[in-house]
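# Commentary on secondary and tertiary structure
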Amino acid sequence: MPKRIGHIFERICTLNNLIEADREARKNKKHFGQYPYGIRVFDRDNVDNCLLKKLLWQLETETYENQPYAVEHRKTDHKWRDLYKVNYYPTHILHHAVMRIIAPYFKERMTRHSFSGIEGKGTTQAADLLKEYLKDREGSKFYLQEDICKFYPTIDQNVAISMMARVFKDKKFLRLVDKLLHHTPHGLQIGFYVSQLTANFLYTIVDRVITEKMRAKYYVRFCDDMVVLSDDRYFLLRVHEAIKDAVENIFHQRLHEDYVLARVGNELRYDTHQRKRRRGGKGKKYRLSRIPVQS
């Protein structure tokens, strides 16, 4: 097991790190050649980096306090979600400053099966890996598809902090993370820069359950969307039970009851009463169109 990492807080709390975090946070933010209002206000007031120096002082003295946030109910990816919005300064810059330092340690502990929130490991790469698995026609006759109910809002913040403590031993850093993750009453919120990679890292435990304990050969996870391929339908049922056990007992979350277990090439699902229904029938429609299937 890798040793826990120390001296994180002092690497976050440097003026150079905050300046670089500001540069990263504003990437791709220009619209019609102009930055959003929050960035323009920050640029106007940050004379000689005075605002960044103020944030640095708050961090060093541990007097930083979370700022108010707004919630916008918006439809994205065919779902209605609550998007949490925070001010560019100081919250958004601080999130980038923290993730600049800790992201490499998250990534080196994640498996090759995990995608989302990682440069070079997006939906395209996840689909490419799935296509590679599907070349083994005999070994990928059946697939199991799982996802988590209300994934981000139901993440236990204390579980997230305890898992970070397994990686980092810096007490000042852990107190800062505790404050950042408890910005809202519950969950890791969509719209917070720290949320996506942190949530992805947490579910590395599930990756290891599937690949090491259950010894699944073909497995892909995109954040909370999991796909396992096998030539044995009953093996996939056992994998489902292992995933359910880990999700409920470690993370205190729950799987969607209408999980998918079907032969590759068909679009069938099991509902809570274990009755097969075609995708065009009543009930929830799964996102199978994104999964390459054998003809």
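Rules used in this analysis
- Numbering of residues begins from 1 in every chain and follows the order in which that chain's sequence is written.
- In keeping with the model being predicted, local features are shown solely for residues with a pLDDT of at least 70 and side-chain atom pairs are shown and tallied solely at 80 or more, while totals for entire chains, interfaces and linings include all residues.
- By convention in this description, side-chain values take in all heavy atoms of the structure and omit both hydrogens and water.
- Only centres within 6.5 Å qualify two rings of Phe, Tyr or Trp (six-membered ring in Trp) as a pair; their planes then separate them into stacked at under 30 degrees, edge-to-face at over 60, and tilted for everything else.
- Numbering of helices and strands starts at the N terminus; helices are DSSP runs of H or I of at least 4 residues and strands are runs of E of at least 2.
- Any residue under 20% of the maximum accessible area for its type is buried, any over 50% is exposed, and the rest in between are partly exposed; the area is computed with a 1.4 Å probe on protein chains only.
- Whether a charge sits over a ring depends on NZ of Lys or CZ of Arg being within 6 Å of the ring centre and within 35 degrees of the ring normal.
- Orientation is described by lines fitted to C-alpha atoms, with helices fitted over the stretch in contact, and by angles between N-to-C directions that extend from 0 to 180 degrees.
- Should an angle fall under 35 degrees it is taken as roughly parallel, and over 145 as roughly antiparallel, whereas 65 to 115 is taken as roughly perpendicular and any remaining angle as oblique.
- Residues are treated as being in contact if the distance between any of their heavy atoms lies within 4.5 Å.
- The method works on a 1 Å grid over the protein atoms by themselves. A cavity is a set of points holding a 1.4 Å probe that cannot get out, a pocket is an open set with protein on both sides within 12 Å along at least five of seven lines, and residues with an atom within 4 Å of a point line them.
- Grid points are joined across faces, edges and corners, and a volume is the space filled by probe spheres set on the points.
- Only Asp, Glu, Lys and Arg are considered charged, only Ala, Val, Leu, Ile, Met, Phe, Trp, Tyr, Cys and Pro nonpolar, and every remaining residue, Gly among them, polar.
- By the convention used here, strands pair only if DSSP detects at least 2 bridges between them.
- Left-handed describes a crossing in which the near helix is turned anticlockwise from the far one by less than a right angle; the clockwise case is right-handed.
- pLDDT expresses how confident the predictor is about each individual residue, on a scale running from 0 to 100.
- Here, a salt bridge means any side-chain nitrogen of Lys or Arg that lies within 4 Å of a carboxyl oxygen of Asp or Glu.

## Some words on the packing of aromatic side chains
Think of a pair of aromatic rings as described by two things: how far the centres are apart, and how the planes are tilted against each other in angle. Following the criterion strictly, the structure yields 12 aromatic pairs and no others. Measuring from ring centre to ring centre gives 5.9 Å for Y105 and F168, while their planes differ by 85°; the resulting arrangement is edge-to-face. Taken together, the residues span a long stretch of sequence, with Y105 in helix α5 (residues 88–109) and F168 in the loop between α7 (157–165) and α8 (171–181) at a distance of 63 residues. For the pair Y105 and F168, a shared accessibility class is recorded, and that class is buried. Ring geometry for F151 and Y203: centres 5.3 Å apart, planes at 75°, overall edge-to-face. With F151 in the loop between β4 (142–146) and α7 and Y203 in the loop between α9 (195–202) and α10 (204–213), the pair connects residues that are 52 residues apart, well separated along the chain. Each member of the pair, F151 as well as Y203, is classed as buried. Aromatic ring contacts, followed pair by pair, group Y105, F106, F168, F173 and F201 into a single cluster. A cation over a ring is seen here: R26 above Y35, with NZ or CZ 5.0 Å from the ring centre. Its guanidinium or amino end placed over the ring of F115, K121 lies 4.8 Å from that ring's centre, counting from NZ or CZ.

## Side note on the packing of helix α2 (residues 15–25) against α5
Look at α2 against α5: their axes get within 8 Å of each other, and the N-to-C directions meet at 105°. With respect to α5, the axis of α2 lies roughly perpendicular. Residues N17, L18, E20, A21, D22, E24 and A25 of α2 pack against Y88, H92, I93, H96, A97, R100 and I101 of α5.

## A word on empty space enclosed by the protein
Scanning the entire structure with this criterion turns up five cavities of 30 Å³ or more. Its volume calculated, the largest cavity comes out at about 50 Å³. Contributing elements (two or more residues each) for the lining of the largest cavity: α5 and α8. Of the residues contributing to the lining of the largest cavity, the split by class is eight nonpolar, one polar and no charged.

## So, the pairing of strand β1 (residues 69–76)
Taken together, the eight bridges between β1 and strand β2 (residues 79–86) define a ladder with antiparallel strand orientation. Bridge assignment links A70 to a residue of β2, and that residue is K85. Between the antiparallel neighbours β1 and β2 lie two residues, among them D77 with a positive phi of about 50°.

## Re the layout of surface pockets
Unfilled space is identified by rolling a water-sized probe across the atoms. Considered as a void within the structure, the second largest pocket measures approximately 410 Å³ in volume. What lines the second largest pocket is a set of 14 residues, and nearest its centre among them are Y84, K85, V86, H92 and G191. In terms of residues, the lining of the second largest pocket owes the most to one element, β2, which gives four residues. When its residues are assigned to classes, the lining of the second largest pocket shows seven nonpolar, four polar and three charged.

## Things to note about the packing of helix α4 (residues 50–60) against α5
Where α4 meets α5, the closest approach of the two axes is 11 Å, and the angle between their N-to-C directions is 65°. Looking at the two axes, α4 sits roughly perpendicular to α5. Remark: the crossing between α4 and α5 carries right-handed chirality. Here α4 contributes L51, L52, K54, L55 and L59 to the contact with α5, which in turn contributes Y89, P90, I93 and L94. When its residues are assigned to classes, the contact of α4 with α5 shows eight nonpolar, no polar and one charged.

## Here we look at the confidence of the model for the protein
When pLDDT is averaged across the protein, the result is 87; 89% of the residues are at 70 or more. pLDDT under 50 marks residues 266–295. Its contacts with residues more than four places away, or in other chains, come to 70 contacts.

## Examining the pattern of salt bridges
On inspection of all chains with the given rule, the structure shows 14 salt bridges. Across the pair D22 and R26 runs a salt bridge whose closest N-O atoms are separated by 3.0 Å. The two residues D22 and R26 agree in class, both being buried. K141 is the salt-bridge partner of E138, the closest N and O atoms lying 3.2 Å from each other. Residues joined by salt bridges that share partners form a network here, namely D22, R26 and D43.

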